[in-house]
Amino acid sequence: MNLNELFHKQGLGVMATASKDGAVNTAVYARPHVIDEQTLVWGMTNGRTYRNITENPQASFLFKTSDPGFSGVRLALELVKTEESGPMLAKIKENADATVGPGTGAAVTHAAWFTVTEVRPII
């Protein structure tokens, strides 16, 4: 599956994380920035998802495209690094402002880089 092509489609994404003690969190997340087929980057605020990945680097992302039927993907992820500045975070902030609305990017404080460890169909 070509993740770059998939994430150019409209759809709904859900990120699932767990804290070090196993408390699970799910959150609606934007499509990631595709660096290559194994590396994806999301912008994050200082919320529960970010806190969880700093305690437990494992995450899961489900993306359901807007296409009819059950088109999409489930990804197992492992956190590689986070950045609090730099060109990727600046790009993410600009995209948030353009997509969601002016000022939205100010809430995004981290660029979280993940390695894709498994790709599965949505169903």
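Quick caveat, the model's predicted, so the values are computed rather than measured.

**Q** Looking at this model, I keep getting lost on the nonpolar core. Mind explaining?
**A** As a rule of thumb, nonpolar side chains are buried together in soluble globular proteins. Formed by 21 residues in total, the largest nonpolar core has its most connected members in F7, F61, L75, L77 and F114. Of all elements in the fold, only helix 1 (3–6), strand 2 (24–29), strand 4 (39–44), helix 2 (48–55), strand 5 (58–65), strand 6 (72–83) and strand 7 (110–121) reach the threshold of two or more residues within this core. With 4 residues, strand 6 is the largest single contributor of residues to this core. One finds V41, L89, I92 and V108 within the second-largest nonpolar core, a separate group that totals 7 residues.

**Q** Can you help me understand the pairing of strand 5 in this one?
**A** On any regular strand, side chains alternate: one points to one face of the sheet, the next to the other face. Going residue by residue along strand 5, you find A59, F61, F63 and T65 tucked away on one face and Q58, S60, L62 and K64 left uncovered on the opposite face. Inspection of the sheet shows strand 1 (residues 11–18) paired to strand 5 by 7 bridges, in the antiparallel sense. Bridge assignment links V14 to a residue of strand 5, and that residue is L62. When strand 5 meets strand 6, the two strands line up antiparallel, connected through 7 bridges. Pairing of Q58 across the sheet is with E78, part of strand 6. Between strand 5 and strand 6, which pair antiparallel and follow one another directly, the connecting turn spans 6 residues, one of which, G69, has a positive phi of 80 degrees.

Cut-offs and rules
- Residues numbered from 1 in each chain as written.
- Predicted model: local features only at pLDDT ≥ 70, side-chain atom pairs only at ≥ 80, totals over all residues.
- Heavy atoms only, no water.
- Core = buried A, V, L, I, M, F, W, Y, C linked by side-chain atoms within 4.5 Å.
- Buried < 20%, exposed > 50% of the residue type's maximum accessible area, 1.4 Å probe, protein only.
- Helix = DSSP H or I, 4+ residues; strand = E, 2+ residues; numbered from the N terminus.
- Pairing = 2+ DSSP bridges.

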